[in-house]
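Residue-level listing of the chains:
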There are 2 protein chains.
Amino acid sequence: MSLNLCFLGAGNLATHLSKVLQERGFHISQVYSRSEKSAKDLAQKLDTSYTTFTNQINNDADVYIVALKDAVFDEVLSQIDFRNKLLVHCSGSMPLSALTEYSGNIGVFYPLQTFSKSREVDFKSIPVFIEANSKNNEDFLVELAQKITDSVSIMNSEKRKFLHISAVFACNFVNHFYAIAAELLKSKDIPFDVLKPLILETAQKVMEIPPQEAQTGPAVRFDENIISDHLNEISDFKNYAELYNSISKSIFEHHQNLK
Amino acid sequence: MSLNLCFLGAGNLATHLSKVLQERGFHISQVYSRSEKSAKDLAQKLDTSYTTFTNQINNDADVYIVALKDAVFDEVLSQIDFRNKLLVHCSGSMPLSALTEYSGNIGVFYPLQTFSKSREVDFKSIPVFIEANSKNNEDFLVELAQKITDSVSIMNSEKRKFLHISAVFACNFVNHFYAIAAELLKSKDIPFDVLKPLILETAQKVMEIPPQEAQTGPAVRFDENIISDHLNEISDFKNYAELYNSISKSIFEHHQNLK
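The rules behind each value
Residues numbered from 1 in each chain as written. Chains lettered and ligands numbered in written order. Predicted model: local features only at pLDDT ≥ 70, side-chain atom pairs only at ≥ 80, totals over all residues. Heavy atoms only, no water. Salt bridge = Lys/Arg side-chain N within 4 Å of Asp/Glu carboxyl O. Helix = DSSP H or I, 4+ residues; strand = E, 2+ residues; numbered from the N terminus. Buried < 20%, exposed > 50% of the residue type's maximum accessible area, 1.4 Å probe, protein only. Least-squares fit on C-alpha atoms with pLDDT ≥ 70 in both. Contact = heavy atoms within 4.5 Å. Axes fitted to C-alpha atoms, helices over the stretch in contact; angles between N-to-C directions. Parallel < 35°, antiparallel > 145°, perpendicular 65-115°, else oblique. Left-handed = near helix turned anticlockwise from the far one by under 90°. Buried area = accessible area lost by both parts, 1.4 Å probe. Pairing = 2+ DSSP bridges. Expected span 1.5 Å × (residues − 1). Polar contact = N/O pair within 3.5 Å; in protein donor to acceptor, adjacent residues only side chain to side chain. Phe/Tyr/Trp six-rings, centres within 6.5 Å; stacked < 30°, edge-to-face > 60°. Lys NZ or Arg CZ within 6 Å of the ring centre and 35° of its normal.

Caption draft 1: Broad picture of the pattern of salt bridges. Applying the stated criterion across every chain yields a total of 32 salt bridges over all chains. Close ionic contact of K124 of chain A with D150 of chain A constitutes a salt bridge, the shortest N to O distance being 3.5 Å. Of this pair, K124 of chain A sits in the loop between β6 (105–111) and β7 (128–132) while D150 of chain A is found in the loop between α4 (135–146) and β8 (152–154), placing the two residues 26 residues apart along the sequence. Taking the shortest distance from any N to any O, the salt bridge between E233 of chain A and K161 of chain B comes out at 3.7 Å. With E233 of chain A in helix α9 (residues 224–233) and K161 of chain B in helix α5 (residues 157–186), the pair connects residues from two separate chains. Given a relative accessible area of 14%, K161 of chain B falls into the buried group.

Structure, rendered in structure tokens:
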């Protein structure tokens, strides 16, 4: 299938997804973004055209792929006539029904991964979750996903939202803790590098051991001396001390409940 | 050097450290633990003797390695006559001076890693941080560490404590969030496996990109709709909703400060 795909959005996800779809033989006919820089950068990478005006979005694409921040969905989509073409969003949290008023052919294509423009990713291992408003559209999106990954599942909007929330904990919040660790180390002139083997092993451990069994550290041992000493040490970092305290309590409670 | 090492403690760290030291040619002469099962299990693995009584700890070891929970240090050590032998602890948070009253030759040997008994680790890449009360003892411990790892540094007690706090964020708290994610998924019958590529990539990203630049997700985009929707979805998991809220705020503030 050599189809024309139009990307609405030119952020991290749009950048990676459009690139891999182009590599698999799909034609990216146009990129739209509210940001001229983002639109231009991505269009250049794909050697295609771009626009920052919704009224200049071509109506000859076969599929419109929405990779916008959820908050601007309606503002952007309400300005476009999709002529009943397949309209697909890539959001974990938005339900399929968010697209109902804009086309009769709608779907969701949710790749569960963290994308940064500067970093290459291997799509083959990324799970993609599909939902659509008809068997035809579902089959089409499954086939599309199978061109780029070995892991394709059908999942409804309610479950997908929980999947997204779980990903916020396991990725976004985790990365913030890496950032807090980096900041604490920097305050004592210790390079972040020393933590890298620990960070990798912590992730690799849960590939094999369920995370509740992999838990180590002062909180799960309920080592109150260390906990209060640590809280005292980082009292200048007020936010982080509060997080330290509430997460330690959460770990302790979680493991009390498991006993 | 074929020295006699006595291990005080038979937990996760003692299990892995004694094993690798034995593999490098050191003789583990005895294992002490307050728990008979732990002492016996480890002694069997090492083919050595064990005791659960402090008054049966042999006084012919060359080095005593303390891998006990910090909270019981004094209770255990005060019952033993170390005859001025080298006494070393493996704690991130305890200062070197915690050993002063028990021997005239003291040191710290702190391997920065998360250890679970059921999982093999490759010591070669684990950073070990050394501190001692004399150049001689420091040199000895550096040499000991170099037998098992390529990454040996000298670090004082104050810095080591901050390193430990950072590790609590980057490992223990991170793992707890894997556990929260697993629990949220389980409530919707979604297997934890779907998160594994995301967890690995989140860790691998910060091997190359500083974590503050790697941050993605609703909080750093300040996508309020998603955040309030997520909070509403997990309101039955009261603790987790509170953590979600406070960490999202922390991410937002952290990135406002960077601008």
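Caption draft 2: Focus on the relation of the copies chain A and chain B. Mapping chain A onto chain B calls for a screw motion: a turn of 180 degrees about the axis and a shift of 0.0 Å along it, with 0.0 Å RMSD after fitting. On this basis, the relationship between the two copies can be described by a two-fold rotation axis. Among all C-alpha atoms of chain A, that of V174 of chain A lies closest to the rotation axis, at 2.6 Å. Comparing contact sets, 100% of the residues at the interface of chain A also lie at the interface in chain B, consistent with an isologous, same-surface contact.

Caption draft 3: Examining the packing of helix α5 (residues 157–186) of chain A against helix α10 (residues 238–258) of chain B more closely. Two elements in contact, α5 of chain A and α10 of chain B, have axes whose closest approach is 11 Å; the angle formed by their N-to-C orientations is 50 degrees. Between α5 of chain A and α10 of chain B, the interaxial angle falls into the category oblique. The handedness of the crossing between α5 of chain A and α10 of chain B is left-handed. Across the interface between the two elements, V168, F169, N172, F173, H176, F177, A179 and E183 of chain A from α5 of chain A touch Y240, Y244, I247, S248, S250, I251 and H254 of chain B from α10 of chain B.

Caption draft 4: Layout of the interface of chain A and chain B. Across the boundary between the two partners, chain A contributes 93 residues, which contact 93 residues of chain B. Carbon and sulfur atoms supply 67% of the area buried between chain A and chain B, which totals about 9,000 Å² over both sides. Contact with chain B buries surface across chain A, with R119, F162 and F169 of chain A losing the most and accounting together for 9% of the total. At the boundary of chain A with chain B, the tally comes to 10 salt bridges. The residue E201 of chain B makes a salt bridge to R119 of chain A at a minimum N-O spacing of 2.7 Å.

Caption draft 5: Up close: the sheet that holds strand β1 (residues 4–8) of chain B. Residues and elements named next belong to chain B. If you trace the eight strands from one edge of the open sheet to the other, you get β3-β2-β1-β4-β5-β6-β7-β8, paired in mixed fashion. Each of the sheet's edge strands pairs with one partner strand only, and the pair in question is β3 (49–51) and β8 (152–154). Strand-to-strand twist in this sheet, taken as the mean axis angle between neighbours without regard to direction, amounts to 25 degrees. Across three bridges, the pairing between strand β2 (residues 27–32) and β3 is parallel. In the strand pairing of β3, V31 is matched with Y50. Packing of helix α1 (residues 12–23) onto the sheet brings it into contact with β1, β2, β4 (63–66) and β6 (105–111), and relative to β1 it is tilted by some 170 degrees. Most of the contacts of helix α4 (residues 135–146) go to strand β7 (residues 128–132), to which it runs at about 160 degrees, and overall it touches β4, β5 (86–89), β6, β7 and β8.

Caption draft 6: Molecular detail of α5 of chain B. Residues and elements named next belong to chain B. Look at α5: 42 Å from first C-alpha to last across 30 residues, which is about the 44 Å you get at 1.5 Å a residue. Most of α5 is tucked away, with 26 of its 30 residues classed as buried. The N-cap of α5, judged by a side-chain oxygen 3.2 Å from the amide nitrogen of E158 a few residues on, is N156.

Caption draft 7: Inspection of the sheet that holds strand β1 (residues 4–8) of chain A at higher detail. All names here are of chain A. Strand order in this open sheet of eight strands is β3-β2-β1-β4-β5-β6-β7-β8, and the pairing throughout is mixed. Since the sheet does not close on itself, it has two edges, and those belong to β3 (49–51) and β8, each with one partner. Averaged over all pairs of adjacent strands, the angle between their axes in this sheet comes to 25 degrees, without regard to strand direction. In the packing of helix α2 (residues 36–46) onto the sheet, contacts are made with β2 (27–32) and β3, and the angle to β3 comes to roughly 170 degrees. In the packing of α4 onto the sheet, contacts are made with β4 (63–66), β5 (86–89), β6, β7 and β8, and the angle to β7 comes to roughly 160 degrees.

Caption draft 8: How the structure looks around unusual backbone geometry. Phi at R83 of chain A takes a positive value of approximately 50 degrees, unusual for a residue other than glycine. If you trace the backbone, R83 of chain A turns up in the loop between α3 (73–77) and β5. A positive phi angle, near 65 degrees, is found at N84 of chain B, a position not held by glycine. By the secondary structure assignment, N84 of chain B is in the loop between α3 (73–77) and β5. Judged by relative accessible area, which is 45%, N84 of chain B ranks as partly exposed.

Caption draft 9: Layout of the packing of aromatic side chains. Applying the stated rule across the entire model yields 21 aromatic pairs over all chains. Where F115 of chain B meets F123 of chain B, the ring centres are 5.7 Å apart and the plane angle is 25 degrees; that geometry is what we call stacked. Owing to a relative accessible area of 6%, F115 of chain B belongs among the buried residues under this scheme. Among the residues examined, F123 of chain B registers a relative accessible area of 4% and is labelled buried. The rings of F169, F173, F177 and Y244 of chain A together with F169, F173, F177 and Y244 of chain B are connected pair by pair, giving a single aromatic cluster. The positively charged end of K188 of chain A is found above the aromatic ring belonging to F162 of chain B, 4.7 Å away from the centroid.

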